[in-house]
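Residues per chain are reported as follows:
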Amino acid sequence: MNTLLPKKTKLLTWPVLHQGKLALTLLVALLLSIAACSSGMPKTWQQVDMFDVVGESAASLMALFWLWLLMISRPRGRVTNWLIVGTSLYWLTTVLDLIDEFIKYPADMRLFAWLESLPVPVGMVMISIGLVQWLAEQQSINRQLAQREHFQREHQLIDPVTQLYNARYFMLQLQREIALHRLTDKPLAVAIVDIDGFAQLNRRWGMAVADNCLRSLAGAIELRLRAQDLACRFTSDRFVMLLPETTTELATAVIDGLHQHSEMLQPQPLAVTAVTINLNDNESADELMTRLTMRLDWQKRCRYADGQGAA
Ligand SMILES: Nc1nc2c(ncn2[C@@H]2O[C@H](COP(=O)(O)OP(=O)(O)OP(=O)(O)O)[C@@H](O)[C@H]2O)c(=O)[nH]1
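Computed from a predicted model, the values in this text were never measured in an experiment.

Participant: What is the right way to look at the overall build of the protein chain in this model?
Facilitator: A count of helical and extended segments in the protein chain gives ten helices and seven strands. Looking at the protein chain alone, contacts between residues at least 24 apart form 73% of all its contacts between residues at least 6 apart. Of the roughly 18800 Å² of accessible surface on the protein chain, 62% is carried by carbon and sulfur atoms.

Participant: Would you take a moment to explain the UniProt feature "transmembrane region" (unreviewed entry) in the protein chain for this structure?
Facilitator: Under the UniProt annotation, "transmembrane region" (unreviewed entry) lies at residues 53-72, 79-99 and 111-136. From the first C-alpha to the last, residues 53-72 spans 28 Å; its make-up is 100% helix and 0% strand. Note that residues 111-136 is 96% helix and 0% strand, and that its end C-alpha atoms are spaced 38 Å apart.

Participant: Explanation requested: the pairing of strand β7 (residues 272-278) in the structure shown.
Facilitator: One face of the sheet, then the other: side chains in a regular strand alternate in exactly this way. Counted residue by residue, β7 has seven buried out of seven residues, so it is predominantly covered. The side-chain alternation of β7 yields two buried faces, one formed by Val272, Ala274, Thr276 and Asn278 and the other by Thr273, Val275 and Ile277. In this structure, strand β4 (residues 188-195) lies alongside β7, joined through seven bridges in antiparallel fashion. Bridged to isoleucine 195 within β7 is valine 272.

Participant: Explanation requested: the site of the ligand in the structure shown.
Facilitator: Close contacts around the ligand come from 17 residues, with Phe198, Ala199, Asp211, Asp237 and Tyr304 the closest. Lysine 300 places a polar side-chain atom, nitrogen or oxygen, 3.3 Å from an oxygen atom of the ligand. Tyrosine 304 has a polar side-chain atom sitting 2.4 Å from an oxygen atom of the ligand. When residues of the shell around the ligand are traced back to their parent elements, those giving at least two are β4, α7 (198-205), α8 (207-224) and α10 (285-305). Residue contributions to the shell around the ligand peak at four residues, all from α8. Considered class by class, the residues forming the shell around the ligand number eight nonpolar, three polar and six charged.

Conventions and cut-offs
- Residues numbered from 1 in each chain as written.
- Predicted model: local features only at pLDDT ≥ 70, side-chain atom pairs only at ≥ 80, totals over all residues.
- Heavy atoms only, no water.
- Helix = DSSP H or I, 4+ residues; strand = E, 2+ residues; numbered from the N terminus.
- Contact = heavy atoms within 4.5 Å.
- Areas by Shrake-Rupley, 256 points an atom, 1.4 Å probe, with all protein chains shown as cover.
- UniProt positions renumbered as here; feature names shortened; annotations may be inferred.
- Buried < 20%, exposed > 50% of the residue type's maximum accessible area, 1.4 Å probe, protein only.
- Pairing = 2+ DSSP bridges.
- Near = heavy atom within 4 Å.
- Polar contact = N/O pair within 3.5 Å; in protein donor to acceptor, adjacent residues only side chain to side chain.
- Nonpolar A, V, L, I, M, F, W, Y, C, P; charged D, E, K, R; others polar.

If you want it as structure tokens, here you go:
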């Protein structure tokens, strides 16, 4: 079952936006009916063809229903005007057609015969123009919706605190870079940076200060990267860097610089543990990241054992 469809369509909504057009159409229908009835003589019951009456009534009711649907569903505008005026013309001719079943006009009176037939093609042409413009309008709306959806998808990949891309985006880019690495065989390095004692920093200074620390570190990381590199927030206090065409020596220099930078950060100096590794042959993105985080955890244990990390 399609759960996107509304459970109940409200057909009895008053067409607030088009009540002027509705009133005008009904007034014209009334005037035409009075003019038609007063211009001819009523037919006897023997002259009335009930099959025709049923057919004409159904056509008239359906046209009125289409008009109503347009009026309750469409906004004001050019496309709507084409559709409503065209459908109104068509409906008015069906009303005259129905009256014609009960009224016999004088033989020399051609006016109502014309009014019954001429507005039909005009109305049909207007409806067709409206439908073509409706199609163009719908395509434009679809394009806008697609752009909005793309924008939202992009924003789901961005960490709201640091405005860096998140882990999901990092993994997508890593897979892409690994595929490129296999073609070019150029070195590919990844680095991970973890703040020491971030939970304690949170407890001591509060969330707002801790968030500022995350932003400062994110800024410091971005400062050290080249245009082709990528930095992302990986988990709570962990950042990852993707460093294409980078040897271990170069990547180590980047994270050494980051150590110095983080110790001078405002509002709070940070101690960080950082590790970098290069992609091995035939290694997948997941395997690379598992190796990287295992190396980081080992490094943290060593730092804490040496008394360098936070308590
Ligand atoms: N301010 C802030 N804190 C966060 C955010 N996301 C996660 N945290 C907190 O970050 C802390 C991370 O704790 P841990 O993973 O133990 O990190 P740690 O205290 O640095 O421990 P080690 O990594 O072993 O040094 C937790 O207290 C989380 O509640 C965030 O967006 N902002």
